Amino acid sequence: MATEKWVFMVTAQTPTNIAVIKYWGKRDEARILPVNDSISVTLDPDHLCTVTTVAVSPAFDRDRMWLNGKEISLSGSRYQNCLREIRSRAGDVEDKEKGITIGKKDWEKLHLHIASHNNFPTAAGLASSAAGFACLVFSLAKLMNVDEDPSHLSAIARQGSGSACRSLFGGFVKWTMGSKEDGSDSVAVQLADEKHWDDLVIIIAVVSSQQKETSSTSGMRESVETSLLLQHRAKEVVPKRILQMEEAIKNRDFASFTQLTCTDSNQFHAVCLDTSPPIFYMNDTSHRIISLVEKWNRSEGTPQVAYTFDAGPNAVLIARNRKVAVQLLQGLLYYFPPKSDTDMKSYVVGDNSILKEAGLDGASGVENLQPPPEIKDNIGSQDQKGEVSYFICTRPGKGPIVLQDQTQALLDPETGLPK
Ligand code: DP6
């Protein structure tokens, strides 16, 4: 290892994911081993992702991390476990151009700087820990020349946050719970890539909430301790649903996909209600959105839209195709219009080219939208201004990538400090 004060760094981007068969409950808290398998859809990182820059330099005197520009502590066991696991697999690194050579053994003595940024507001209650830990592990693996496939890396990301292991792949992903005590077989595998079913359009309603929510980690701990329904779900229900969901994805069978996704989300929230004390993640707005989707699906005869909710009130709606997504957005905007002075392009973000297809990009505003014919009156009239903070339009997306463009790095290449 040379003694000069060089900085060597890597920047990567990792997607977030939404579970369609939920992970809820651990059998081992420290290793983060789940009580059941789960399946997720990776969301397009163009709209929702984490970017992380990791740097190493002999000039650094300790490991440090900045999240969304603010320094945070790395002392927690989740960070420590990920750092230890990845360091123990580090390889030799050589950058001839810069004259840098780092031997396998050197990694134990060298310190790291890590800067991470989400391209969506953390406060929105969207699963930022999934993309965050996946990106931390992926970028460190690239920096340290770790020779492991994404499934092996997923077992490390899992120790940061369970759902993070599924963000190591694009498309449709299964996290197999595994049976080994050390967790080495509790890994994510890709079921199909994002091109396999690219008709799907995903609209996320970021629902306003004043309520301080129970974190997933403590919520699922309380469910494991108190809910009998959780035991039944893990043993009897999920194993069958996983097989059915794998088939539905393989055959692009939207009717089965929707039935399984909605039922599983509802059962997860039933487990939360069955927890003592009960946990309420959904609110009245979430319930109104379920009602709207259920009515529409029923009136069409075949499912058009699937819904799923994680540990918060936000709705993740999966439309069978673009045409359906346009109608869905019109219906949503009819019931949940923006506050009067809101620009439509900041109310519908992500792939907002959909606004044009919905006829909402010009002068003609939401006030001209007609009520969806099947829904008539009983989810409430058009008076829900402000219940939804904004919508994100996205689609199934790709897995982690290294960003080669140095201008996207979050750390200064000379100092290794945040730019
Ligand atoms: C409801 O992965 O956030 O989103 O493993 O304790 O970090 P920890 O929990 P986390 O839980 C996610 C729960 C969920 C369902 C899911 O993503 O499968």
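Just so we're clear, the structure is a prediction, and the values are computed from it rather than from any experiment. (Residues numbered from 1 in each chain as written. Predicted model: local features only at pLDDT ≥ 70, side-chain atom pairs only at ≥ 80, totals over all residues. Heavy atoms only, no water.)

> Requested: an account of the site of the ligand, with residues and values cited.
The ligand sits among 18 residues. The nearest are Tyr23, Lys26, Arg78, Ser161 and Ser163. In the environment of the ligand, an oxygen atom lies 2.7 Å from a nitrogen or oxygen atom belonging to the side chain of Ser163. The side chain of Arg166 places a nitrogen or oxygen atom 2.8 Å from an oxygen atom of the ligand. Across the complex, the protein chains shield 94% of the 460 Å² of accessible surface that the ligand would expose by itself. If you tally residues by element for the shell around the ligand, the top one is helix H4 (residues 216-226), at three residues. Here the shell around the ligand spans two domains, since at least three of its residues come from each of domain 1 (8-194 + 402-408) and domain 2 (201-394). (Near = heavy atom within 4 Å. Polar contact = N/O pair within 3.5 Å; in protein donor to acceptor, adjacent residues only side chain to side chain. Areas by Shrake-Rupley, 256 points an atom, 1.4 Å probe, with all protein chains shown as cover. Helix = DSSP H or I, 4+ residues; strand = E, 2+ residues; numbered from the N terminus. Domains from an automatic or database assignment.)

> Can you explain the sheet that holds strand E15 (residues 305-308)? Please cite residues and give values.
To summarise the sheet geometry, strands pair through backbone hydrogen bonds and adopt either a parallel or an antiparallel arrangement. Within the open sheet, the five strands sit side by side as E15-E16-E14-E18-E17. Their pairing is mixed. Since the sheet does not close on itself, it has two edges, and those belong to E15 and strand E17 (348-350), each with one partner. For this sheet, the mean inter-axis angle between neighbouring strands, taken without regard to orientation, is 25 degrees. The pairing of E15 with strand E16 (residues 315-319) spans four bridges and is classified as antiparallel. Looking at E16, one finds that Val305 is bridged to Ala319. Helix-sheet contacts for helix H6 (residues 254-273) involve E15 and E16, and the interaxial angle to E15 is about 20 degrees. Helix H8 (residues 322-335) contacts strand E14 (201-207), E15, E16, E17 and strand E18 (388-394) of the sheet and is inclined by roughly 20 degrees relative to E14. (Pairing = 2+ DSSP bridges. Axes fitted to C-alpha atoms, helices over the stretch in contact; angles between N-to-C directions. Contact = heavy atoms within 4.5 Å.)

> Describe the domain arrangement of the protein, naming the residues involved and giving the relevant values.
One can read the domain layout of the protein as domain 1 (8-194 + 402-408) and domain 2 (201-394). Spacing between the C-alpha centres of domain 1 and domain 2 amounts to 28 Å. Facing 29 residues of domain 1, the contacting portion of domain 2 comprises 41 residues. Buried area between domain 1 and domain 2, summed over both chains or domains, comes out near 2,800 Å², and the portion from carbon and sulfur atoms is 72%. The largest share of the area that domain 1 buries against domain 2 comes from Ile21, Lys22 and Trp24, three residues that together contribute 30% of it. In this structure, the salt-bridge partner of Arg221 is Glu29, at a minimum N-O distance of 3.3 Å. Scanning the region where domain 1 abuts domain 2 turns up ten residue pairs in polar contact (both at pLDDT 80 or more). Among the secondary structure elements, those contributing two or more residues to the side of domain 1 that touches domain 2 are strand E2 (17-21), strand E5 (38-42), strand E12 (172-175) and strand E13 (188-192). The element contributing the most residues to the side of domain 1 that touches domain 2 is E2, with four residues. Residue classes in the side of domain 1 that touches domain 2 are distributed as 17 nonpolar, five polar and seven charged. (Buried area = accessible area lost by both parts, 1.4 Å probe. Salt bridge = Lys/Arg side-chain N within 4 Å of Asp/Glu carboxyl O. Nonpolar A, V, L, I, M, F, W, Y, C, P; charged D, E, K, R; others polar.)

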